[in-house]
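Summary of the model geometry
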Amino acid sequence: MLKSHNCGQLRASHEGEDVTLAGWVHRRRDHGGLIFIDLRDHDGLTQVVFNPKEGGEAYAVADTVRGEYVLQVEGTVAHRPKGTENAHLPTGEIEVKAHAATVLNEAKTPPFYIVEETDVDELLRLKYRYLDLRRETIHRNIVLRARVTKFIRDFLTERGFTEIETPILTAPTPEGARDYLVPSRVHAGHFYALPQSPQQMKQLLMVAGFERYFQIAHCLRDEDLRADRQPEHTQLDLEMSFISDEEDILRLLEELYYQLAQTVTPHFSVQAHPFPRLTYEESVRRFGTDKPDLRYGLELVDLSDALRESEFAIFRQTVAAGGVVRAICVPGGAEFSRKQTDDLTTFVQQYGAKGLVSLAFLGDGPIDALSQDEIRSPVAKYFTVEQAREMARLSGAGRGDMLLIVADQPGVANKALDGLRREVAGRLELADSGTLAFAFVTHYPMFEWSAGEERWVSSHHPFTSPRREDIPLMDSDPGRVHSHAYDLVCNGWELFSGSIRIHRREIQEKVFAMLGIGAEEAQRRFGHMLEAFEYGAPPHAGIGAGIDRLMAVLTGQPDIREVIAFPKTKSATDPLTGAPGEVTAEQLADLHIAITEREEGTS
Ligand code: ASP
């Protein structure tokens, strides 16, 4: 090796040893005759001192190097002079006094700083990802990611799980997104789909008798991109047989996530263990979403009944039209300026809410003694003191607090208030960044009505089992059928979803029929699954758990691109390689494909 030690390795106990280090020139400082270089490698930083009197040739080399040059140094470990130790650096007690240095490679000036975490345009970062990945935070994120997947592999392997790979070229499996397709050269006009998940394969592995399967799998979905989505994501894909109910699988996963947090990221505290369990309905009622951040309160309150007869026409009419009036109570919110509440009004409009009404309770003393002139709201005159007190009572508000009220159809009001809850918590810094608040969400609806398609669609995916007790409702009232789907959420992110599966042909056929997939189509698309269920399919359940999202939570990054080595941009391109790119006419001909339309700006 070109090095005897790593750059993060040397301590005072190595004093006097001769060592060889190799790495990148992180920083170089010229101090009146002495040159100091912080040499960086994957492991850390070491300060190297070049003294012309002790190593003239090495000094001459150090004099020529610039940032990001690749340098090998031979030298002796010495204690730093008293008072110059750096307590922030693991190697901060020592330095290496160089007696030889070799430039292993030169470097152009990088397009952005490696030494500092400055804001750099995303396109530039991704174009030079190999330089971006040298930067400390992202470099550490990627290393932590490897420790997390190793922990997962060890944990599951110890518990009898077998890691099995499934194909990338496959047939479509519905997960609710568009497929990425790959044309077949051999079979003109036919296409493989890249897996949106290994859903069908893992269920078939259960039929095949593996009983406990997992894989760290790539899943590809052609969908609109956001901070928590990009075209390919990595998922811990897991399936197990012979569970008697969902608690069997949830308890195993609770231990996995709990121990992972304790072992790999012990600086976090887990808010509650065992993890709280919420039904879907409860979660939506209390937080407006099925992925609530439970690190803070700000729960939703329903004021519809209290305001059904309100003088304020918007509230009255919304309730009469089947809508709701819901609010969050902001502690100390009476201090918000007019501008701050106006900003929040604009904020909720992005969720389709028509507006936001603020109502603050001023003055001192018990809320029952509130007087009319202690209600501050742009629409205060429409509310009686009794109504205001009732609103305070329902929401638990006291003097100095402020209600933020949305009146709309339930779906819009919930979305807006979920967004508002997160926004207000952010502004008031209510979420403790050192806490992981895990919770399971269960009892999802089996079907959702798609107004656009005018049919029922799966809330999870079509292989999810309905709850046994709700099966009789399938024909009469599909909207009230609950499924055996469950999610794990943490700090407002969905970390996994999964379900107990259907393992009987007749129920699977029934569900396909409910989804408008006729017998013939079911046979064509999923005949292999239906058939497999006839050969002794065991009861089974599983999950798909986002590794990228887990890493975003564990590193406190708002965007999953910060935990993926080579992500795509928000428009699904890779500025580094230029993907997606064009192909030659011959390649197209081989694939029996003709291009009818090209994106502007390309040839
Ligand atoms: N296949 C599902 C997904 O990728 C997870 C599961 O049900 O196992 O979201």
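Just so it is clear, the model here is predicted, and its values are computed rather than measured.

Thresholds applied
One numbering rule holds for all chains: residues counted from 1, following each sequence as written. Note on the predicted model: pLDDT of at least 70 is required for a residue's local features to be given, and 80 or more for side-chain atom pairs to be given and counted; whole-chain, interface and lining totals, by contrast, use all residues. Side-chain descriptors were evaluated using all non-hydrogen atoms of the structure, hydrogens and water having been removed beforehand. Throughout, the term near means that a residue has one or more heavy atoms lying within 4 Å of the molecule or strand in question. Pairs of N or O atoms are called polar contacts if they sit within 3.5 Å, as long as, within protein, a hydrogen donor faces a hydrogen acceptor (for residues adjacent in sequence, only side-chain-to-side-chain pairs). Accessible areas in this description were obtained via Shrake-Rupley with a 1.4 Å probe; residue shielding takes into account the shown protein chains only. Where helices and strands are cited, they refer to DSSP runs of H or I of at least four residues and of E of at least two residues respectively, numbered from the N terminus. Classification of residues uses two cut-offs on accessible area relative to the type maximum, computed with a 1.4 Å probe and protein chains only: under 20% is buried, over 50% is exposed, and between them is partly exposed. Residues count as neighbours in contact if any of their non-hydrogen atoms are within 4.5 Å of one another. Nonpolar core, defined: a set of buried Ala, Val, Leu, Ile, Met, Phe, Trp, Tyr and Cys residues in which side-chain atoms within 4.5 Å join the residues together. A side-chain nitrogen of Lys or Arg and a carboxyl oxygen of Asp or Glu constitute a salt bridge if their distance falls within 4 Å.

Concerning the site of the ligand
Neighbouring residues of the ligand: 14 residues in total, closest E175, Q199, K202, H461 and R501. For the ligand, an oxygen atom lies 2.6 Å from a polar atom in the side chain of K202. Interatomic distance of 2.7 Å between a side-chain N/O atom of R501 and an oxygen atom of the ligand. Relative to its free-state accessible area of 270 Å², the ligand is covered by the protein chains to the extent of 95%. At the level of elements, α5 (199-207), β23 (493-500) and β24 (540-546) are the ones that each hand at least two residues to the shell around the ligand. Tallying contributions element by element places β24 first for the shell around the ligand, with three residues.

Topic: α5
If you check which residues of α5 are buried, you get Q199, Q200, K202, Q203, L205 and M206. Buried residues belonging to α5 abut β9 (212-220), β10 (232-241), α15 (519-532) and β24. Looking one or two residues past α5, G209 carries a phi angle of roughly 90°, positive in sign.

Focus: the nonpolar core
Formed by 47 residues in total, the largest nonpolar core has its most connected members in L236, Y257 and F496. Considering each element in turn, this core owes the most residues, nine residues, to helix α6 (residues 246-264).

Quick word on the pattern of salt bridges
Scanning the model with the defined rule gives 48 salt bridges in all. One salt bridge connects D408 with K354, and the closest N-O pair in it is separated by 3.1 Å. Taken as a pair, D408 in strand β17 (residues 402-408) and K354 in the loop between α10 (338-349) and β15 (357-361) lie far apart in primary sequence, 54 residues in all. For K354, a relative accessible area of 64% corresponds to the exposed category.

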